[in-house]
Every structure is written in C-alpha cells, then in structure tokens.
Amino acid sequence: QVQLVESGGGLVQPGGSLRLSCAASGTIFSINGMGWYRQVPGKQRELVAAITSGGSTNYADSVKGRFTISRDNTKNTGYLQMSSLKPEDTAVYYCKATIVSLRTWTGGDYWGQGTQVTVSS
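Everything numeric here is computed off the predicted structure, so don't read it as measured data.

Reading the values: rules and limits
Residues numbered from 1 in each chain as written. Predicted model: local features only at pLDDT ≥ 70, side-chain atom pairs only at ≥ 80, totals over all residues. Heavy atoms only, no water. Salt bridge = Lys/Arg side-chain N within 4 Å of Asp/Glu carboxyl O. Helix = DSSP H or I, 4+ residues; strand = E, 2+ residues; numbered from the N terminus. Buried < 20%, exposed > 50% of the residue type's maximum accessible area, 1.4 Å probe, protein only. Disulfide = S-S within 2.5 Å. Pairing = 2+ DSSP bridges. Axes fitted to C-alpha atoms, helices over the stretch in contact; angles between N-to-C directions.

## As for the pattern of salt bridges
Evaluation of the coordinates by the stated rule reveals five salt bridges. Put simply, Arg-38 and Asp-89 hold a salt bridge, and the shortest N to O gap is 3.0 Å. Of this pair, Arg-38 sits in strand E4 (residues 28–39) while Asp-89 is found in the loop between strand E8 (77–82) and strand E9 (91–101), placing the two residues 51 residues apart along the sequence. An identical accessibility class is assigned to Arg-38 and Asp-89; each is buried. Measuring nitrogen to oxygen at the nearest pair gives 3.1 Å for the salt bridge that ties Lys-64 to Asp-61. Overall, Asp-61 belongs to the exposed group, its relative accessible area being 64%. Among the ionic contacts, a cluster of salt bridges with common partners joins Arg-38, Glu-46, Arg-66 and Asp-89.

Here it is, written out as structure tokens:
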C-alpha cells in the first residue's frame, strides 16, 4: 500500500512564504514524476508545478519565479517552496506522484489528502 501525506499548509500574510512537504510511504519501488496541484471551490484542480525523476521542472505561469518545486529521492519526499504569496494563491494544495509499487510492479498515480493554504492579511 502506498500513501502520500502532505504537510506545511496554513495561514500566511500576503508576501509571506510557506513550504509544503509531500512524503510518500509504503511498498514503493520507485517514484517517477511528482507534482503539486491546487483547487478552489467551484473550480477545476490545476497544476502548479511538476518535477521529473531526473529533476526537470515546469511551472504554471501564475507561480513562475515565486514557487520552487524540489524532491529528495532518499526520503521519498517532495517539496513546494512558495514565496511572495498572494491572496489568489489561496487554495487546497494536493501532491500527486507516479509510483511503481512493489506489490503490483506497475506505475500508478497517487494523491495526497490536501493541505489548505490561506493567504490573507
């Protein structure tokens, strides 16, 4: 069984910073791509940032230059460093990872439970 657990969300003032973490655990053989998504009520979930197993990254235009995605393969953990936060960054943030499980030996997408980020003064 594979599980993703996010942490690091909370309330922050505009211009502030937060660091989200996404820890994968369970019967993991390998983790391929990892990504962070966000969703606000009434809107579709959108991709914020993604990183490949080799470290290549891509970002939504709205967060370029402010957010940085990274990963520590030794800890099976991904991160999203968010700086210069704006009220429009308020959302529930989810991590997703494509993981090859030791049980199935096939790759599948796994999602975390989500963590709330609120940017407000």
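## Side note on the state of the cysteines
Applying the stated criterion across every chain yields a total of one disulfide. Here Cys-22 is linked by a disulfide to Cys-95, with a sulfur-sulfur distance of 2.0 Å. Judged by the sign of its S-S torsion, about 55°, the cystine formed by Cys-22 and Cys-95 is right-handed. Remark: Cys-95 occurs in strand E9 and Cys-22 occurs in strand E3 (residues 18–26); sequence separation between them is 73 residues. The class of Cys-22 is buried, set by a relative accessible area of 0%. By relative accessible area, which is 1% here, Cys-95 ends up buried.

## Comments concerning the sheet that holds strand E1 (residues 2–7)
An order of E1-E3-E8-E7 is seen for the four strands of this open sheet, with the pairing classed as antiparallel. Each edge of the sheet is formed by a strand with only one pairing partner; in this case those strands are E1 and strand E7 (67–72). Between one strand axis and the next, the sheet turns through 15° on average, direction left out of account. One ladder, built from six bridges, connects E1 with E3; its direction is antiparallel. By the bridge assignment, Ser-7 is partnered in E3 with Ser-21.

The values are spatial; any link to function lies outside them.
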